[in-house]
Amino acid sequence: MPRIAYVNGRYVPHNHAQVGIEDRGYQFADGIYDVVPIVKGTFIDEDWHWDRLERGLEELRISQPVSRKALSMIARRIAKKNMIHNGIVYVQVTRGEAPRNHKFPTTPVAPAMVVTGRHLQMPDDLSQPDMIDVITGPDERWARPDIKSISLLPNVLAKQAAAEAGAYESWLINDQGEITEGSSANAWIVRRDPDSGRVIIQTHQTDQAILKGIVRTAIVALAEQHQWAIEEKPFSVKDLMAADEAFQSSSGNMIRPVRSVDGRTIGSGETGPVVQEILNAFAHHVNAQID
Ligand code: PLP
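Residues numbered from 1 in each chain as written. Predicted model: local features only at pLDDT ≥ 70, side-chain atom pairs only at ≥ 80, totals over all residues. Heavy atoms only, no water.

Student: What's the story with the environment of Y168 in this structure? I'm lost.
Tutor: You can see Y168 is positioned in the loop between helix 4 (153–164) and strand 8 (169–173). Through-space distance from the C-alpha of Y168 to that of I230 is 25 Å; in sequence the pair is 62 residues apart. Setting aside chain neighbours within four positions, we find Y168 in contact with I132, D133, K159, A162, Q248, N253 and R256. At 2.7 Å, the side chain of Y168 forms a polar contact with the side chain of N253. (Helix = DSSP H or I, 4+ residues; strand = E, 2+ residues; numbered from the N terminus. Contact = heavy atoms within 4.5 Å. Polar contact = N/O pair within 3.5 Å; in protein donor to acceptor, adjacent residues only side chain to side chain.)

Student: Got a minute to help me understand helix 2 (residues 46–60) in this structure?
Tutor: Since the α-helix packs 3.6 residues into each turn, any two residues three or four apart lie on the same face. End to end, helix 2 covers 22 Å across 15 residues, agreeing with the expected 21 Å (1.5 Å per residue, within 8%). By the burial criterion, the buried members of helix 2 are E46, H49, W50, R52, L53, G56, L57 and L60. Buried residues of helix 2, viewed axially, fall in a sector of 160°; they line one side. In this structure, the buried residues of helix 2 make contact with strand 3 (31–39), strand 4 (42–43), helix 3 (68–81), strand 5 (87–94) and helix 5 (214–226). (Expected span 1.5 Å × (residues − 1). Buried < 20%, exposed > 50% of the residue type's maximum accessible area, 1.4 Å probe, protein only. Arc of directions from axis to C-beta.)

Student: Sorry if this is basic, but what is going on with the nonpolar core here?
Tutor: The biggest cluster of nonpolar side chains holds 25 residues, and the ones touching the most others in it are V39, I201, F247, I255, I278 and F282. Sorting the residues of this core by element identifies strand 10 (186–192), helix 5, strand 15 (254–261) and helix 7 (273–287) as the ones contributing at least two each. With eight residues, the top contributor of residues to this core is helix 7. With residues near it in sequence (within four places) discarded, F282 still touches V215, A218, L222, M254 and I255. (Core = buried A, V, L, I, M, F, W, Y, C linked by side-chain atoms within 4.5 Å.)

Student: Honestly, the pattern of salt bridges in this entry has me stumped. Any pointers?
Tutor: Should their charged atoms come close, side chains of opposite charge can pair. Summed over all chains, the structure comprises 18 salt bridges. For E169, the salt bridge is made with K159, and the minimal N-O distance between the two is 3.2 Å. Note that E169 is positioned in strand 8 and K159 in helix 4, a separation of ten residues in sequence. Residues joined in a network through salt bridges with shared partners are D47, D51, E54 and R68. (Salt bridge = Lys/Arg side-chain N within 4 Å of Asp/Glu carboxyl O.)

Student: Where do I start with the site of the ligand in this structure?
Tutor: Not every one of the 17 residues close to the ligand is listed here, only the nearest: R52, E181, I214, V215 and S251. At 3.0 Å, a backbone N or O of V215 approaches an oxygen atom of the ligand. Here an oxygen atom of the ligand sits 2.7 Å away from a polar atom, N or O, in the main chain of S251. Across the complex, the protein chains shield 93% of the 380 Å² of accessible surface that the ligand would expose by itself. Only strand 9 (178–182), helix 5 and strand 14 (245–250) provide two or more residues apiece to the shell around the ligand. Of the residues in the shell around the ligand, the class split is five nonpolar, eight polar and four charged. (Near = heavy atom within 4 Å. Areas by Shrake-Rupley, 256 points an atom, 1.4 Å probe, with all protein chains shown as cover. Nonpolar A, V, L, I, M, F, W, Y, C, P; charged D, E, K, R; others polar.)

Below, the structure written as structure tokens:
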């Protein structure tokens, strides 16, 4: 079955899908994207993804190419045409095509929108994912990673560094020696407060330094229901190495427990009890949306 992509109003065979060479996404990375997970044919936390996409467009002053209702319909059509049971839908919107000039086009151009779908292998039981190994490296991105920009070169280089080190992901360190997030995931640790002995689940706060991940949002919401103590503040590399457990979250990979960082085992090196509880609750959160 041929893959089908949506490009500016048309459904076309994926391998013939094209945008112009003066698309501002191609020339300036002047655009944003989002990735919505599909589990057993169901879009997960869909509205949160469209909220984020709309916010990104507003931040960059790119007009919305189609209404949210139309976008949702196009995304569903792409999922259906590509027969995606487990996978993702990828949406990219750029400022459109115009003669190359850094400033915004003076004559209005229509934003360009591409939607594609991809199958992904997912564990049958979302609460039992494989562990991953992580390396650390400098956070060399622009100052607004909260916008899901298609300008991803530092992320690409960080992910490649991980692959070359035989790891799965790079977690990024800012100038203060703190972990911001992963190259394509939010980063978390589980630690015990030295004074109270309380278990704390910690991740960087949602300011301009990180992407407000949708799986992160779901975990924060679950924490309220389950009365887990979440601290939204940066943790250092030292905190990470001393953590009892660590994990990362993203729509493409959901929650993945971390076995090691820079070759050093975290905790017992197995999925720990707190991460397992988060995995169980998250799997329930996803399964509850599946019709
Ligand atoms: N941080 C970065 C830099 C990402 O690229 C991603 C996902 O692609 C995430 C965090 C996780 O976001 P989400 O949970 O919405 O997939």
